[in-house]
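Residue strings, one per chain:
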Amino acid sequence: MSAGGESLALPASEAAHEPSLSALDAVAVLVGVVIGIGIFGFPPLVAQHASSELVYLALWGAGGLVMLIGALCYAELGAAYPGAGGEYLYLSRAWGARVGLLFAWARCTVIQTGAIAVVAFIYGDYAQQLLPLGPHGVALHAAISVVALTALNIAGTRPSKRLQWIFTLLTLAALAAVLIAGLTAAPQAPETPIVAGLTGNPAGLLGMGMVFVLLTYGGWNEAAYLSGELRDPGRNMSRVLLAGTAVVTVAYLLINLALLELFGLQGLRDSNAVGAAVMQLAAGPYAAAGLSLLICATALSTINGTILTGARLYYALGRDVPRLRGLAGWNARGHSPVNALLAQGALTLVLVGVGALSANSVQTMVAYTAPVFWLFMMLVAASLWRLRRLDPARPRPFRVPLYPLTPALLALACAGLVYSSAVYAGAGALMGLAVLALGLPLLRLLKPAQASG
């Protein structure tokens with residue numbers, strides 16, 4: 001990524017190349033990216049914000065709809081501006097280099113580090129089942145995973161990529177095991193009484209429930225990159241997105257139906273490691289331990305991949321902003337951005353420490369990242385409209401259907417999620433917004449030539 005100027009000239013990195021993905025290839029990639037560790041960690045948190053089983057399932061269905069709308073918008077942007085920085089590029093082109101730089105700051109300090117911390121705590125929940133480390137064991141496991149995988153990436157990109165391949169192959173195996181166990185296990189009698197309703201603002205509860213649902217659906221924005229590699233995107237992109245969204249949504253609804261059948265809504269609310277609990281019911285403690293190990297590997301895969309990609313933006317900031325040049329240190333032998341990895345790891349450990357002090361570490365980290373994440377996604381949705389006005393001659397192999405309604409719906413959904421997460425999520429959300437505000441002075445580090453329109 002490059003914190004370049006606001007010109008709409010095509011950079012060299014956007015040079016045309018032969019598309020290599022068939023529609024079926026693209027569906028497989030999209031489904032593989034979206035289905036991940038979140039389905040093992042977020043259902044209990046969604047249940048805590050749903051007043052009934054019907055509302056719980058409706059949230060998962062609505063998440064699939066938002067995924068489709070968002071992916072359609074990202075697909076047009078990605079087809080028009082393929083493979084050159086994703087959201088950073090769209091925001092810079094539409095709203096100027098300073099907005100792009102503020103997004104880079106937010107991604108480095110809130111979005112990416114918060115995402116690593118969220119998954120690290122999900123890993124800690126399952127690792128604590130296998131190797132208890134005391135009252136703060138979840139946070140200790142989370143910190144150990146961040147330190148170990150940061151060190152691995154500092155050692156070199158090649159060993160990190162090899163480990164990523166191994167862990168990725170285990171993800172679908174873990175998902176299949178949970179689904180089969182959920183469909184075959186006998187329902188569990190609830191140990192706590194069913195709560196008929198939840199206290200609090202219903203709109204806020206539903207909004208926070210959607211935040212957790214959409215985190216589980218996270219990754220659909222990778223459609224922006226698929227569109228640049230897809231054969232005949234004008235004809236195939238809508239097919240890929242419809243098919244991919246349908247597969248993911250049906251899979252998540254089936255899994256959650258199985259979870260409700262086993263635990264009921266209140267039992268699901270009370271579960272910390274839902275995958276292990278399913279296997280415990282279906283096949284006993286040894287199977288539960290085996291699945292916990294598998295889910296730990298899946299979580300480590302997500303953490304490793306996020307560390308690997310996230311550090312590149314720190315490196316780009318150090319390369320492009322003179323006063324942050326220290327972040328641009330590069331290990332030529334290991335092909336890794338050492339200083340960027342160290343900075344990212346340190347910030348993530350601070351967040352792990354903050355999460356350790358809260359009653360629900362995962363929920364605190366989600367609250368920290370959510371308002372900032374959805375604020376910038378709202379700007380990306382508006383970028384589609386603005387770039388059509390600023391750059392009307394740009395070839396667009398795929399055009400979002402029902403324009404301008406589709407990007408308007410995405411922007412409204414994002415605005416609602418910003419409001420819900422900022423108002424209802426508490427101190428964690430305010431902390432994330434405060435860190436974003438600390439980045440405003442960073443805009444002054446831009447050279448005048450970069451900031452000019």
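Every value quoted in this text rests on a predicted model; they were computed, and no experiment measured them.

Criteria and thresholds
Residues numbered from 1 in each chain as written. Predicted model: local features only at pLDDT ≥ 70, side-chain atom pairs only at ≥ 80, totals over all residues. Heavy atoms only, no water. Helix = DSSP H or I, 4+ residues; strand = E, 2+ residues; numbered from the N terminus. Buried < 20%, exposed > 50% of the residue type's maximum accessible area, 1.4 Å probe, protein only. Contact = heavy atoms within 4.5 Å. Areas by Shrake-Rupley, 256 points an atom, 1.4 Å probe, with all protein chains shown as cover. Phe/Tyr/Trp six-rings, centres within 6.5 Å; stacked < 30°, edge-to-face > 60°. Lys NZ or Arg CZ within 6 Å of the ring centre and 35° of its normal. pLDDT = per-residue confidence, 0-100. Disulfide = S-S within 2.5 Å. Axes fitted to C-alpha atoms, helices over the stretch in contact; angles between N-to-C directions. Parallel < 35°, antiparallel > 145°, perpendicular 65-115°, else oblique. Left-handed = near helix turned anticlockwise from the far one by under 90°. Patch = residues over 30% accessible without salt bridge, like charges linked within 9 Å, V, L, I, M, F, W, Y side chains within 5 Å. Salt bridge = Lys/Arg side-chain N within 4 Å of Asp/Glu carboxyl O. Core = buried A, V, L, I, M, F, W, Y, C linked by side-chain atoms within 4.5 Å. Expected span 1.5 Å × (residues − 1).

**Student:** Explain the overall build of the chain to me, and be specific about the residues and the numbers.
**Tutor:** Assigned secondary structure in the chain consists of 18 helices and zero strands. Looking at the chain residue by residue over its 453 residues, the buried ones come to 53%. If you take every contact in the chain between residues at least 6 apart in sequence, the share linking residues at least 24 apart comes to 82%. When the accessible surface of the chain is split by element, carbon and sulfur atoms take 67% of a total near 18,900 Å².

**Student:** Provide a residue-level description of the environment of A71, including the pertinent values.
**Tutor:** Here A71 lies in helix α4 (residues 53-80). Here A71 falls in the buried class, since its relative accessible area comes to 1%. Taking C-alpha positions, A71 is 5.7 Å from W220, a pair spaced 149 residues apart along the chain.

**Student:** Before we move on, can you summarise the packing of aromatic side chains with the specific residues and values?
**Tutor:** In this structure the tally under the stated criterion is eight aromatic pairs. Where W60 meets Y217, the ring centres are 6.3 Å apart and the plane angle is 45°; that geometry is what we call tilted. Placement of the pair is W60 in helix α4 and Y217 in the loop between α9 (202-216) and α10 (223-229), with a sequence separation of 157 residues. Here W60 and Y217 have matching classes, each one buried. Residues W60 and Y252 carry aromatic rings whose centres are separated by 5.8 Å and whose planes lie at 70° to one another, so their mutual orientation is edge-to-face. Here Y252 lies in helix α11 (residues 233-269) and W60 lies in helix α4, a separation of 192 residues in the sequence. When sorted by exposure, W60 lands in the same class as Y252, which is buried. Of the aromatic side chains, those joined through ring pairs into one cluster are Y56, W60, Y217 and Y252. The side chain of R388 reaches across the aromatic face of Y403, ending 3.7 Å from its centre.

**Student:** For the confidence of the model for the chain, give the residues involved together with the corresponding values.
**Tutor:** Per-residue confidence for the chain gives a mean pLDDT of 78, with 74% of residues at or over 70. Mean pLDDT across the secondary structure elements of the chain bottoms out at helix α18 (residues 448-451), with 42, and peaks at helix α15 (residues 361-390), with 92.

**Student:** Provide a residue-level description of the state of the cysteines, including the pertinent values.
**Tutor:** As enumerated under the stated definition, the model contains zero disulfides in all. Free of any disulfide, C414 has its nearest cysteine sulfur in C73, 9.0 Å distant.

**Student:** A description of the packing of helix α6 (residues 97-130) against helix α7 (residues 137-155) should follow, citing residues and the corresponding values.
**Tutor:** To characterise two packed helices, one gives the angle between the axes of the helices and the distance between these axes. The geometry of α6 relative to α7 is characterised by a closest axis approach of 7 Å and an angle of 120° between their N-to-C directions. Here α7 runs oblique to α6, going by the angle between their axes. α6 and α7 meet at a crossing whose hand is right-handed. Each of I116, A120, F121, Y123, G124, D125, A127 and Q128 in α6 lies in contact with α7, whose residues at this interface are G137, V138, A139, H141, A142, S145 and V146.

**Student:** A description of a nonpolar patch on the surface should follow, citing residues and the corresponding values.
**Tutor:** Where nonpolar side chains cluster on the molecular surface, the patch consists of L130, L131, L133, L140, I144 and L293 and spans about 530 Å² of accessible area. Tracing the backbone through its elements, the reader meets I144 in helix α7.

**Student:** Any chance you could break down the nonpolar core for me, citing the residues and the numbers?
**Tutor:** Y56, I303 and W374 are the most contacted members of the largest nonpolar core, which totals 121 residues. A total of 18 residues in this core trace back to one element, the largest contributor, which is α6. Other than its neighbours up to four places away in sequence, W374 contacts V211, L214, C414, L417 and V418.

**Student:** So what about unusual backbone geometry? Which residues, and what values?
**Tutor:** Between Y403 and P404 the backbone carries a cis peptide bond, its omega angle lying at 5°. In this structure, P404 sits in the loop between α15 and α16 (405-424).

**Student:** Give a detailed account of the environment of L254, specifying residues and quantitative values.
**Tutor:** By the secondary structure assignment, L254 is in helix α11. The class for L254 is partly exposed, based on a relative accessible area of 43%.

**Student:** Any chance you could break down the side chain of T364 for me, citing the residues and the numbers?
**Tutor:** The topology assignment puts T364 in helix α15. Once residues lying within four places of it in the same chain are set aside, the contact partners of T364 are S358 and G428.

**Student:** Please set out α16 residue by residue, giving values where relevant.
**Tutor:** With 20 residues, α16 extends 28 Å between its outermost C-alpha atoms, agreeing within 8% with the 28 Å of an ideal straight helix rising 1.5 Å per residue. Taken together, the buried positions of α16 are T406, P407, L410, A411, C414, L417, V418, S420 and S421. The positive-phi residue at the C-terminal boundary of α16 is G426, with phi of around 90°.

**Student:** Can you break down helix α5 (residues 87-95) residue by residue, with the values?
**Tutor:** Counting buried residues along α5, eight of its nine residues qualify, which places the element largely inside the surrounding structure. If you check which residues of α5 are buried, you get E87, Y88, L89, Y90, L91, S92, R93 and A94.

**Student:** Can you explain the packing of α5 against α6? Please cite residues and give values.
**Tutor:** Between α5 and α6, the least distance of the axes is 6 Å, while the angle of their chain directions is 150°. Taken as axis vectors, α5 and α6 run roughly antiparallel relative to one another. Both α5 and α6 take part in a crossing whose hand is right-handed. Across the interface between the two elements, E87, Y88, L91, S92 and W95 of α5 pack against A97, V99, G100, L101, F103 and A104 of α6.

**Student:** Account for the pattern of salt bridges, naming residues and giving values.
**Tutor:** The tally for this structure, following the rule as stated, stands at two salt bridges. Here R388 makes a salt bridge to E76, at a shortest N to O gap of 2.8 Å. Of this pair, R388 sits in helix α15 while E76 sits in helix α4, and the two are 312 residues apart along the sequence. Classification of E76 by relative accessible area gives buried; the value is 2%.

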